[in-house]
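Listed below are the residues making up each chain.
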Amino acid sequence: MKRRIWIMKKLVCVSLAALLCIFALAGCGAGNTEPSAEATVITAGPAGEPAAEATAEPTPTPEPTPEPTPESVTNIPQLQAKEGFMEAKSLEGIDPLNDKVVALTFDDGPNPVKTPELLDILEENDAVATFFVVGNLVEQYPDVVKRAYEAGNEIGTHSYNHPTESWTKLSADERLAQYAQANDAIEAATGLRALIDRPVGGGMEEEMAAEIGREQIIWSVDPEDWKYKDADTIYEHVMDGWNGGVVQDGSVILSHEIYQSTVDAYARIIPALKEQGYKFVTVTQMMQIAEIRGGSFGYLFKSAPAAGAEAAAEE
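One structure accompanies this document, and this report is about it. (Residues numbered from 1 in each chain as written. Predicted model: local features only at pLDDT ≥ 70, side-chain atom pairs only at ≥ 80, totals over all residues. Heavy atoms only, no water.)

The subject of this paragraph is the pattern of salt bridges. Counting across every chain of the model gives 10 salt bridges. For the salt bridge of arginine 147 with aspartate 120, the shortest nitrogen-to-oxygen distance reads 2.5 Å. On the criterion of sequence distance, the pair formed by arginine 147 in helix H4 (residues 142–150) and aspartate 120 in helix H2 (residues 114–124) is long-range, its members being 27 residues apart. Residue arginine 147 is joined to glutamate 123 by a salt bridge in which the shortest nitrogen-to-oxygen separation is 3.5 Å. With arginine 147 in helix H4 and glutamate 123 in helix H2, this residue pair connects regions lying 24 residues apart in the sequence. (Salt bridge = Lys/Arg side-chain N within 4 Å of Asp/Glu carboxyl O. Helix = DSSP H or I, 4+ residues; strand = E, 2+ residues; numbered from the N terminus.)

Structure representation (structure tokens):
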């Protein structure tokens, strides 16, 4: 009996010991409460080898859109952009096939008093003109030419010292030298050289112009303001026509800003032409308009065809 009780006690002790071991093992697993590190994603690499750790692809920075290269505004060789020369004026804001356009041109300046007066009139009427300047006068009044150019007007050469009597006797090289010397003065005043010339008195043979190789700008309307120094007369000659020259779409008008009568006349002429629906353009703009309208001209450029003239001729 005593032996059976002893055996029973042994079994109970063994059972209790076993239970305590089980609880101890369970307690070891439950005691690890620290969070595990975030899993690193691994993708399969070549031949089943682990690849580099995958990372988020950065958002690509968009490539800047390249600025379009500006194309030449015209196919006219003389008006192609040249380093150190003024650029041909753009046709922005002008409808070359439908707008009525006229180019005002003024010779023999600059004048220190009258040219600024004329520039004021142009600015007041939102108009532009082309000034064919004499080189030795540009040297005396560079600020006047600079102001004209910076206001959006065009500058061309009109010889260096205006040799009226001898001009037609000069060789091509001598005339080119006159233009070059005038351009030296223009460059000193504005920082750039002019693309276009007006021969003294309009004297230029086409063969010689071709030899010179620069556009020679003549005119289609001459009110002879140099002869009739009266503002009313000049006004009538421009607005009503004179010696066969009538202002119309595409006209190039010759005048001289060195006369007070001319300046006074244009204080009336410019608003009057504006009232008739004309837009004022520079010579290089008129040259481009002539090209677009299908006009043909050589070195002796006079006047652009009227708006729609080509289309009307084809009907």
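Two measures define how a pair of helices packs: the angle their axes make with one another and the distance between the axes. Remark: H2 packs on H4, axes separated minimally by 10 Å, with the N-to-C direction vectors making an angle of 10°. As far as their axial angle goes, H4 and H2 are roughly parallel. Note that H2 runs across H4; the crossing there is left-handed. On H4, the residues touching Thr115, Pro116, Leu119, Asp120 and Glu123 of H2 are Val144, Arg147 and Ala148. Of the residues that constitute the contact of H2 with H4, the class distribution is 4 nonpolar, 1 polar and 3 charged. (Axes fitted to C-alpha atoms, helices over the stretch in contact; angles between N-to-C directions. Parallel < 35°, antiparallel > 145°, perpendicular 65-115°, else oblique. Left-handed = near helix turned anticlockwise from the far one by under 90°. Contact = heavy atoms within 4.5 Å. Nonpolar A, V, L, I, M, F, W, Y, C, P; charged D, E, K, R; others polar.)

With that out of the way, let us pick up unusual backbone geometry. Glycine 109 connects to proline 110 through a cis peptide bond whose omega is 10°. Summarising the element assignment, proline 110 is placed in the loop between strand E1 (100–109) and H2. Here aspartate 126, not a glycine, exhibits a phi torsion of approximately 55°, which is positive. Examined against the element boundaries, aspartate 126 turns out to sit in the loop between H2 and strand E2 (130–133). On the basis of relative accessibility, which here comes to 72%, the residue aspartate 126 falls in the exposed class. Here the phi dihedral of serine 159 falls at roughly 80°; this positive angle occurs in a residue that is not glycine. With respect to the secondary-structure elements, serine 159 resides in the loop between strand E3 (154–157) and helix H5 (172–190). (Buried < 20%, exposed > 50% of the residue type's maximum accessible area, 1.4 Å probe, protein only.)

Between H2 and helix H8 (residues 260–275), the shortest axis-to-axis distance is 10 Å and the interhelical angle comes to 0°. When the axes of H2 and H8 are compared, the pair comes out roughly parallel. On the side of H2, the interface is formed by Lys114, Glu117, Leu118, Ile121 and Leu122, while H8 contributes Gln260, Val263, Tyr266, Ala267 and Ile270. Residue classes in the contact of H2 with H8 are distributed as 7 nonpolar, 1 polar and 2 charged.

With that settled, the discussion passes to the environment of threonine 115. In this structure, threonine 115 sits in helix H2. For threonine 115, a relative accessible area of 2% corresponds to the buried category. The contact partners of threonine 115, leaving out residues within four places of it in the chain, are Pro110, Phe131, Val144 and Glu257. A distance of 3.2 Å separates polar atoms of two side chains, one belonging to threonine 115 and the other to glutamate 257. (Polar contact = N/O pair within 3.5 Å; in protein donor to acceptor, adjacent residues only side chain to side chain.)

In this structure, glycine 277 sits in the loop between H8 and strand E6 (278–280). For the pair glycine 277 and lysine 100, spaced 177 residues apart in sequence, the C-alpha separation works out to 6.7 Å.

Attention shifts here to the nonpolar core. Ranked by internal contacts, the top residues of the largest apolar core, which has 36 residues, are Leu104, Leu122, Phe131, Ile155, Ile253, Tyr266 and Leu273. Breaking this core down by element, the ones donating at least two residues are E1, H2, E2, H4, H5, helix H7 (231–240), H8 and E6. No other element matches H8, which puts 7 residues into this core. Not counting residues up to four positions away in its chain, the partners in contact with isoleucine 253 are Val102, Ala103, Leu104, Thr105, Val221, Pro223, Val238, Val247, Tyr266 and Leu273. Core analysis: the second largest hydrophobic core is formed by 11 residues, Leu91, Ala103, Trp219 and Ile289 among them. (Core = buried A, V, L, I, M, F, W, Y, C linked by side-chain atoms within 4.5 Å.)

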